[in-house]
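Overview (structure and organization)
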Amino acid sequence: MSGEMFQTVSGSELSCREMHRCLNVTEILRNIIEQAYEDGSLIECRKCTGYLSSTCRAFYAVGVEVLWSRLSGLAPLIKCMPSEIWEQHRIDTSDAPDDETYFIISLLRCPSPDGWKEFERKAIFVKTFSWNHPYYSTEVEAETFRKISLHRPGTVSLLPNLRELQWWGQPSDVFEYINLFLSPDIRILDAGKPSNYEAALTILRSIGAKCPCLEKLFVGHTLLKALNHQPPVPSSSICALHYLRVVELPYPLTVDSIVHLATLPALTELHLVLYTDQRELCVRLSQTEIPLFPALRILNVAFADLEAATVPFFRFIHSGTLEKVQISSLIKLMSPIASQLREHLEVLANHPCCTILTSLELNFSWDDPVARQHGYPPPEVPARVLNLRALSPILMMTRLQNLTITSFHLDLDDDALATCAAALPELQTLSLLQLSDNGKVS
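Cut-off values and rules
- Residues numbered from 1 in each chain as written.
- Predicted model: local features only at pLDDT ≥ 70, side-chain atom pairs only at ≥ 80, totals over all residues.
- Heavy atoms only, no water.
- Buried < 20%, exposed > 50% of the residue type's maximum accessible area, 1.4 Å probe, protein only.
- Helix = DSSP H or I, 4+ residues; strand = E, 2+ residues; numbered from the N terminus.
- Salt bridge = Lys/Arg side-chain N within 4 Å of Asp/Glu carboxyl O.
- Phe/Tyr/Trp six-rings, centres within 6.5 Å; stacked < 30°, edge-to-face > 60°.
- pLDDT = per-residue confidence, 0-100.
- Contact = heavy atoms within 4.5 Å.

1. Comments concerning helix 11 (residues 255-263)
An α-helix turns once per 3.6 residues; consequently, residues spaced three or four apart project the same way. Taken across its 9 residues, helix 11 has 7 buried, putting it largely inside the fold. For helix 11, the full list of buried residues reads Val255, Ser257, Ile258, Val259, His260, Leu261 and Ala262.

Listed below in structure tokens is the structure:
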């Protein structure tokens, strides 16, 4: 999908010949061209859309809009600039597992104001921008981003009408340039898994001001255990987002931020890690007069430590539509994880959502970096063994269809499994994943 496709045939040179009257209806024409384009991932589909767009003036207007509406990588827009200011080099991919040819594109010098014009004309059509490094055939190096950042016209987003941004797998020297694409119209932001917390903060500090209409926010992380003592995400940024429906944000949040998320009327899916002081959080939630988590359907919550102070968190959920719950926690050396888990499950079992809960997942990992590195399991003590007594509240969740338990010490024999099967008649999937050779699973 290069810029040259539309540089050879301008709108003024196209003639609109006689055609079926139905094709004069923009919605019908757009549907035809959208079908040809599909998701734009295949070059054949992009070429077909380009050929359709060159048919006549009516096709051109809609075709250009569709062709540029979903963009994978920045290279097509850079190629709209004068050819003498950019160059493309082939990358040696002899070790790559596929036969794909990869390139890297770079700016030889900074574009002049006139050099930006065609770039800007096409950029206004982009509604979805995705970049999954290193899986796109043409990469843009960090120096090119730096030049674009310093010399772009104005201070608005590079893609002013962007609605969905996917920014995956970027190296640390490129990730920070995600701010070039943030705009007030963005509804979906998926930043993948930043390489470190500092990289994540480059976006989390500014999303409240730059993307106030955000509805879906995904910023993942793979090293949750290392974040416990990091400063929290500024509450001013999170509290400025009033339209969130889906949130995946496993980073330290302030109590103000969590309370704000709890009061959002449209929030249906929430993935977070509770590092903060649970007692202070529960006090603040109890003082809130409006229903909390009123529309929640999916809850994925990880606790830095599963303890008595975290039990009340589930009591504050007012949603009557909660269908899927995932609970994760670290196993500390002296943690009586069995009794702690039972207390949390009892709250869920007595919650109104118990009658509609269809999926439950429990994950526990060992909070000892040296032991984890060498694969040593935690010492086996009765207080950490998950047996039928510890898991008995689950038997009250009669609508469960999927149940997953991952831990180091499981003790469920044939009789226990038979009891589960009798109590959960709708169960379709049961996954018992033991992280060590200790314990007993039939």
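From this point, things continue past the structure.
2. Looking at the pattern of salt bridges
In total, this model carries 12 salt bridges according to the counting rule given. The partner of arginine 297 in a salt bridge is glutamate 323, with the nearest N and O atoms 3.5 Å apart. With arginine 297 in the loop between helix 12 (278-286) and strand 11 (298-303) and glutamate 323 in the loop between helix 13 (312-315) and strand 12 (324-331), this residue pair connects regions lying 26 residues apart in the sequence. Judged by relative accessible area, arginine 297 falls into the partly exposed class, the value being 33%. Judged by relative accessible area, which is 33%, glutamate 323 ranks as partly exposed. Residues joined by salt bridges that share partners form a network here, namely Glu118, Arg121 and Lys122.

3. Looking at the packing of aromatic side chains
Counting across every chain of the model gives 13 aromatic pairs. Aromatic ring contacts, followed pair by pair, group Phe129, Trp131, Phe145, Trp167, Tyr177 and Phe181 into a single cluster.

4. A look at the confidence of the model for the protein
Here the protein averages 82 in pLDDT, while 83% of its residues score no lower than 70. The low-confidence segment residues 1-16, where pLDDT is below 50, has 42 contacts with residues more than four positions distant or belonging to other chains.

5. What about the environment of arginine 205?
When you line up the elements, arginine 205 lands in the loop between helix 8 (197-204) and helix 9 (207-210). In this structure arginine 205 comes out as exposed when scored by relative accessible area, which is 53%. Between the C-alpha atom of arginine 205 and that of valine 233, which follows or precedes it by 28 residues, the distance is 7.0 Å. Those residues in contact with arginine 205 that lie beyond four places of it in its chain are Pro234 and Ser237.

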